[in-house]
Amino acid sequence: DVKIYNRVDCGAYCTSLLNQFTIEVLDNGMNVVSSQAYDDTAPAMIHLQMGNVEGSYVRISVPDGYLCLAEVEVYGNKLYDFPTFSPTNIPTTVPSLSPKPNLALHRPAQQSSIAGGAGADLAVDGNTNGNFGEGSVTHTSGGSNWWMVDLQVIASIRDVKIYNRVDCGAYCTSLLNQFTIEVLDNGMNVVSSQAYDDTAPAMIHLQMGNVEGSYVRISVPDGYLCLAEVEVFGTKLYDFPTFSPTSIPTTVPSLSPKPNLALNKPAQQSSTGSNAGADLAVDGNTNGMFNDGSVTHTLGGDNWWMVDLQAIATIRDVKIYNRIDCGTQCLSLLNQFVIDVLDNDMNVVSSLSYNDTAGAMIHLMMEDVEGSYVRIAVTNNFLVLAEVEVYGTMLSPTIPKLNLALGKPAQQSSTAEVAVAGLAVDGNTNGNFGEGSVTHTSGGSNWWMVDLQVIASIRDVKIY
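Residues numbered from 1 in each chain as written. Predicted model: local features only at pLDDT ≥ 70, side-chain atom pairs only at ≥ 80, totals over all residues. Heavy atoms only, no water.

**So, the overall build of the chain**
Along the chain, the regular secondary structure elements total three helices and 20 strands. Counting only residues that meet the buried cut, the chain has 38% of its 464 residues in that class. Across the chain, the fraction of contacts at a sequence separation of at least 24, relative to all contacts at a separation of at least 6, is 72%. Just so you have it, the chain exposes about 24,700 Å², and 50% of that area is on carbon and sulfur atoms. (Helix = DSSP H or I, 4+ residues; strand = E, 2+ residues; numbered from the N terminus. Buried < 20%, exposed > 50% of the residue type's maximum accessible area, 1.4 Å probe, protein only. Contact = heavy atoms within 4.5 Å. Areas by Shrake-Rupley, 256 points an atom, 1.4 Å probe, with all protein chains shown as cover.)

Right, dumping it as structure tokens:
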């Protein structure tokens, strides 16, 4: 991400100088690898998410006007340094960096069909020559087709380069005008899918958002699939486990687990039905059978569920396990929802809308957004969750926010049904009156008050 601090000393005129600009990331050879246009009323600080693009230069440009910048901060991970040279050995060209490893090179590949003896392995042989007659371009039969490479590792996949067939002009390159590229995990589940629909050039460069997976698959809906080369770049996270011939596992081996940042963390929800509280979605049990006792349930209406990660974290992906015991009726409760990431001050920093036919598990890529809370919300429906797993990297633990009102003396204007003021500071957020932790006054003009018993700087108040 990039933070741009604006000039502020001349009010709206100063800040408006950044109402329209373009920010670009360039590689070591000064080629633009990412470009993002900003067109909005600029505040004092503009925070832009850059999608983990790899580059060496950041450039900001305005179409017409002064460019005033108080500060530009660029955040990310250093991959490697530029080479250094002695004073007597100054290069005459831009130095090349240590090459990025092509994770697909010479890895096992397969495709849906083969024509002209042009098998799938020709797209991972290291030869990008797109002339079919030179013998390094794949070819399928007609119809719906796919090609796939097994990376033989679990990797964070940053970008993919697809080299097209070029020897028959626009006809050849047009064969890749429409295709889908998918990343699959070690269990052959699709974890990321991207549709390409454009006039294909000789080389197509796709940013994959550092998705974690083990297979890359390219498919076309109807037609020949011809590939000169497919290069997959990223970072190897770990190898598949290997076993001696005398120790063959009976189940799929588990890999070094990614830490689930939500596991056993404090959770809450807008309402609770059938005593199925929010904590059941962070108990480590993905069982979606409601009667087995590990599925949350709210009352009807607009509902939300939220977990406090108790850390500032870079959130890469979220897995939501659905209720499954009543078939499509249960699954459909998650056909439409919004997932928000909030920072430590409860400001929404990322929001993603889901609108699809929900399965037993929904896997969402969150683009490495930084936050401390994850919230799931539905409109006019029950919210039922078997488990929510949040994956990423903990950056720093958060300082616990102290509830200054907890257990402090409280009073109210009147009391009905023995529902005294102290019930609102007892630490129980259950809003079901019958459960005995909700205050109640008589009718008329009413008030409730808590004595914090200190002089405090009050940042925020939550009312359940």
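**Quick look at the pairing of strand 9 (residues 178-184)**
Strand 9 sits mainly inside the fold: five of its seven residues count as buried. Two successive antiparallel strands, strand 9 and strand 10 (residues 190-197), enclose a turn made up of five residues, where Met 188 displays a positive phi of approximately 65°. As defined by bridge partners, strand 9 adjoins strand 11 (residues 203-220) across five bridges and the pair is classed as antiparallel. Paired with Thr 180 across the strands is Ser 219, a residue of strand 11. (Pairing = 2+ DSSP bridges.)

**Examining the state of the cysteines**
Inspection of the entire model under this criterion finds three disulfides. Across the disulfide, Cys 168 is cross-linked to Cys 172 (sulfur-sulfur distance 1.4 Å). Between Cys 168 and Cys 172, the disulfide has an S-S torsion of 85° and is therefore right-handed. For Cys 172, a relative accessible area of 1% corresponds to the buried category. Linked covalently through their sulfurs, Cys 326 and Cys 330 form a disulfide whose S-S length is 1.4 Å. On the sign convention where negative is left-handed, the bridge of Cys 326 and Cys 330, at about 90° about the S-S bond, is right-handed. By relative accessible area, Cys 330 is classed as buried at 1%. Assigning the bonded cysteines of the chain consecutive numbers by sequence position, one obtains the connectivity 1-2, 3-4, 5-6. (Disulfide = S-S within 2.5 Å.)

**Comments concerning the nonpolar core**
Buried together is how nonpolar side chains tend to be arranged in soluble globular proteins. Within the largest apolar cluster, 31 residues are counted, with the highest numbers of intra-cluster contacts made by Trp 147, Ile 157, Ile 162, Phe 179, Ile 181, Ile 218 and Leu 227. The set of elements that each furnish at least two residues to this core consists of strand 8 (145-163), strand 9, strand 10, strand 11 and strand 12 (229-239). Among the elements that make up this core, the one with the highest residue count is strand 8 (eight residues). In this view, Ile 218 contacts Asn 145, Trp 146, Trp 147, Ile 162, Phe 179, Thr 180, Ile 181, Leu 225, Leu 227 and Val 230; residues no more than four positions away in its chain are not counted. Grouped together as the second largest cluster of nonpolar side chains are 29 residues, Ala 262, Ala 281, Val 307 and Val 369 included. (Core = buried A, V, L, I, M, F, W, Y, C linked by side-chain atoms within 4.5 Å.)

**A few points about the environment of Val 149**
Within the secondary structure layout, Val 149 lies in strand 8. Distance from Val 149 to Leu 103, taken between C-alpha atoms, is 9.8 Å for residues 46 residues apart in sequence.

**Notes on the pattern of salt bridges**
Here the structure, examined in full by the defined rule, presents nine salt bridges. Note that Arg 7 is salt-bridged to Asp 9, the shortest N-O span being 2.6 Å. Residue classification places Asp 9 among the exposed positions, given a relative accessible area of 57%. The partner of Glu 212 in a salt bridge is Arg 316, and the shortest N-O contact between them spans 3.6 Å. Pair noted here: Glu 212 is in strand 11 and Arg 316 is in strand 14 (residues 303-321), with a separation of 104 residues, a long-range link. Three or more residues joined by partner-sharing salt bridges are found here, namely Glu 212, Arg 316 and Asp 317. (Salt bridge = Lys/Arg side-chain N within 4 Å of Asp/Glu carboxyl O.)

**A closer look at the environment of Asn 210**
Counting through the fold element by element, Asn 210 comes out in strand 11. Note: C-alpha distance between Asn 210 and Ile 157 (53 residues apart in sequence) is 4.7 Å. Setting aside residues no more than four positions away along its own chain, Asn 210 makes contact with Asn 52, Ser 156, Ile 157, Arg 158, Arg 316 and Asp 368.

**Observations concerning the side chain of Glu 24**
Tracing the chain through its elements places Glu 24 in strand 2 (residues 20-26). Residue Glu 24 is classed as buried on the basis of its relative accessible area, which comes to 14%. Among all residues touching Glu 24, those that are not within four sequence positions of it are Val 32, Ser 34, Ser 35, Tyr 57, Val 58 and Arg 59.

**A closer look at the sheet that holds strand 3 (residues 32-39)**
With antiparallel pairing, three strands are arranged side by side in an open sheet as 3-2-5. Looking along the sheet, the strands with just one partner apiece sit at the ends: strand 3 and strand 5 (57-61). Direction aside, the axes of adjacent strands within the sheet are offset by 15° on average. Relative to strand 3, strand 2 is paired through seven bridges, and the arrangement is antiparallel. (Axes fitted to C-alpha atoms, helices over the stretch in contact; angles between N-to-C directions.)

**So, the sheet that holds strand 6 (residues 71-74)**
Taken in spatial order, the three strands line up as 4-1-6 in an open sheet, and their pairing is antiparallel. The sheet is open, and its two edges are formed by strand 4 (45-48) and strand 6, each paired on a single side. Neighbouring strand axes in the sheet, compared pairwise and without regard to direction, differ in orientation by 10° on average. In the sheet, strand 1 (residues 2-5) pairs with strand 4 via four bridges, with the strands oriented antiparallel. Looking across to strand 4, one finds that Ile 4 is bridged to Ile 46.

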